[in-house]
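# Descriptive analysis of the structure
Read off the chains here:
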Amino acid sequence: MSRIKFGVCGLGRIGSRHAEFFAREKDKYELVAVCDMDAQRAAESAEKHNCAGYSDYAEFLRNPLMELTIISTRSLDHVSNTSDALSAGKTVLLDKPIAVTSADFRRLKELEKNYRGKLFFLHNVRFNPVFQTILRIVDSGILGETKLVKIRRHHGFSRRCDWQTLLNCGGGQLSCWGPHVIDQGLQLINAPVKQIWGHLQRVNSCGDADDLVKIMLVGGNGVVADLEISYMAALREDYCTVYGNRGTLVCANDFNKDAAVKVKYLDPSFEFADRQANEGDPVTMVGQGFSSGESFPWIEEEIKVEPAGSPPDMWETGLLLALHKALREDVPFPVTTEHAFEVVRITGEVKKQNPQFNWISPYQRTT
């Protein structure tokens, strides 16, 4: 099976990481070109990977060997860069956020329509083995019906000051980590979203963009996802909690290679006794009021995350393997266009609910 010859445009922290991890899979990928507006950075990366280096994007796209272009440039350039790459005949893997403005979102929809099968979206954190273990537990049914999901991306307490803190660069945590957290929330809701509520604040950021994100999503099935991103968490909450009507799971950290998921659930054979509500006073209803006295056959376990390894490394590898199967074996890519576009729609709705921020352009809902 032939290797996928690829190039990376944008060699910042994330783009360089994509170049490194994809290039490691030498039987599946071959890095043939890199590009960055910083000519020295491009040259250093090209030397490191023994490939062609460019500081001119148009020249980069003319590389005849490159089949796949990974776009990890600054957020506001994503859609424009994607359009140019698709026009040049390349397959595109687009990093998040896939669209920052409403105009970009409309343009991206047209590109997807005009270049079917050529555009893929880099929601790599969903491939985290910690999150995949959580999904397997939920799908097993031991927690019963999912009712409430909490996801926390708490970065500790810090005063970030890079371009991701500036709205005129497309920054803010709604755009930075928001797509990842919303993507995971949607998978746990597992139904169309009927209600969206979001509140944003700038607390510690040195720029003018949001660094505290609170989003509540309600699915058509009634499942609620409570999502939070923060740079003001001196004490961090657990990464993920899922409440079902027969049990709960808790995962403290999704970056720890030794992570485990704690579960407490009812024995599958257990059936609730038939009890009727009445108008009695809880104080006088001994054993029948709010402290019912019922005993439940709880099962408590710690489920080891599999496969083992550094979660950030594993989620990168998981995505690149899935993409290779999509391009070489015609296996459907797990990140569907519909799902990726739903993440953008939700982000747009949250922006509309927070006009106190000077967004790049009025973010109108697109259909």
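Quantities reported herein were computed from a predicted structural model and do not represent experimental measurements.

With that out of the way, let us pick up the overall build of the chain. Summing up its helical and strand segments, the chain has 10 helices and 14 strands in all. Its C-alpha atoms give the chain a radius of gyration of 23 Å, near enough to 21 Å, the size a compact globule of 367 residues would have. With the principal axes as the frame, the chain shows a C-alpha extent of 80 × 50 × 40 Å. Accessible area of the chain: about 17500 Å², with a carbon and sulfur share of 49%.

With that settled, consider helix H6 (residues 129-140). With 12 residues, H6 ought to run about 16 Å at 1.5 Å a step, and its terminal C-alpha atoms sit 16 Å apart, in line with that. When we look at burial in H6, the residues that qualify are Pro-129, Val-130, Phe-131, Thr-133, Ile-134, Leu-135, Ile-137 and Val-138. The N-cap of H6, judged by a side-chain oxygen 2.9 Å from the amide nitrogen of Val-130 a few residues on, is Asn-128. Backbone geometry just downstream of H6 places Gly-141 in the positive-phi region, at approximately 90°.

Scanning all chains against the criterion turns up 0 disulfides. Considering cysteine sulfurs only, Cys-169 is the nearest to Cys-176, which forms no disulfide, with 13 Å between them. With no disulfide of its own, Cys-206 has Cys-161 as its nearest cysteine by sulfur position, at a separation of 5.1 Å. Classification of Cys-206 by relative accessible area gives partly exposed; the value is 43%.

Attention now moves to the packing of aromatic side chains. By the definition in use, this model includes 14 aromatic pairs. Ring plane angle 70° and centroid distance 6.1 Å describe the contact between Phe-272 and Phe-296, whose orientation is recorded as edge-to-face. Of the two residues, Phe-272 sits in the loop between strand E13 (260-266) and strand E14 (298-304) while Phe-296 sits in the loop between E13 and E14, which places them 24 residues apart along the sequence. With a relative accessible area of 29%, Phe-296 lands in the partly exposed category.

Further remarks concern the nonpolar core. Ranked by size, the top nonpolar core spans 98 residues in total, and within it Ile-134, Leu-188 and Leu-217 carry the most contacts. Apart from residues lying up to four places away in sequence, Ile-134 is in contact with Leu-188, Tyr-239, Cys-240, Val-242, Leu-249, Cys-251 and Val-261.

Within the secondary structure, Ser-45 sits in helix H2 (residues 39-49). Residue classification places Ser-45 among the buried residues on the basis of a relative accessible area of 11%. Not counting the four nearest positions on each side in its chain, Ser-45 is found in contact with Leu-11 and Val-34.

In this section: the pattern of salt bridges. According to the stated counting rule, one finds 22 salt bridges in the structure shown. Between Lys-147 and Glu-145 there is a salt bridge whose closest N-O contact spans 3.2 Å. A salt bridge links Glu-237 to Arg-152; the shortest N-O distance between them is 3.2 Å. Of this pair, Glu-237 sits in the loop between strand E10 (224-230) and strand E11 (240-244) while Arg-152 sits in strand E7 (residues 146-154), and the two are 85 residues apart along the sequence. Of the residues examined, Arg-152 reaches a relative accessible area of 6% and is grouped as buried.

Right, let's talk about the sheet that holds strand E3 (residues 52-54) for a bit. Pairing within the open sheet is parallel, and its 6 strands lie in the order E3-E2-E1-E4-E5-E6. For this open sheet the edge positions go to E3 and strand E6 (119-122), each flanked by a neighbour on one side alone. When strand polarity is set aside, the average angle formed by the axes of neighbouring strands in this sheet is 25°. Sheet strands in contact with helix H4 (residues 78-87) are strand E4 (68-71), strand E5 (91-95) and E6, and its direction is about 170° off that of E5.

Procedures and definitions
Residues numbered from 1 in each chain as written. Predicted model: local features only at pLDDT ≥ 70, side-chain atom pairs only at ≥ 80, totals over all residues. Heavy atoms only, no water. Helix = DSSP H or I, 4+ residues; strand = E, 2+ residues; numbered from the N terminus. Rg over C-alpha atoms; globule rule 2.2 N^0.38 Å. Areas by Shrake-Rupley, 256 points an atom, 1.4 Å probe, with all protein chains shown as cover. Expected span 1.5 Å × (residues − 1). Buried < 20%, exposed > 50% of the residue type's maximum accessible area, 1.4 Å probe, protein only. Polar contact = N/O pair within 3.5 Å; in protein donor to acceptor, adjacent residues only side chain to side chain. Disulfide = S-S within 2.5 Å. Phe/Tyr/Trp six-rings, centres within 6.5 Å; stacked < 30°, edge-to-face > 60°. Core = buried A, V, L, I, M, F, W, Y, C linked by side-chain atoms within 4.5 Å. Contact = heavy atoms within 4.5 Å. Salt bridge = Lys/Arg side-chain N within 4 Å of Asp/Glu carboxyl O. Pairing = 2+ DSSP bridges. Axes fitted to C-alpha atoms, helices over the stretch in contact; angles between N-to-C directions.

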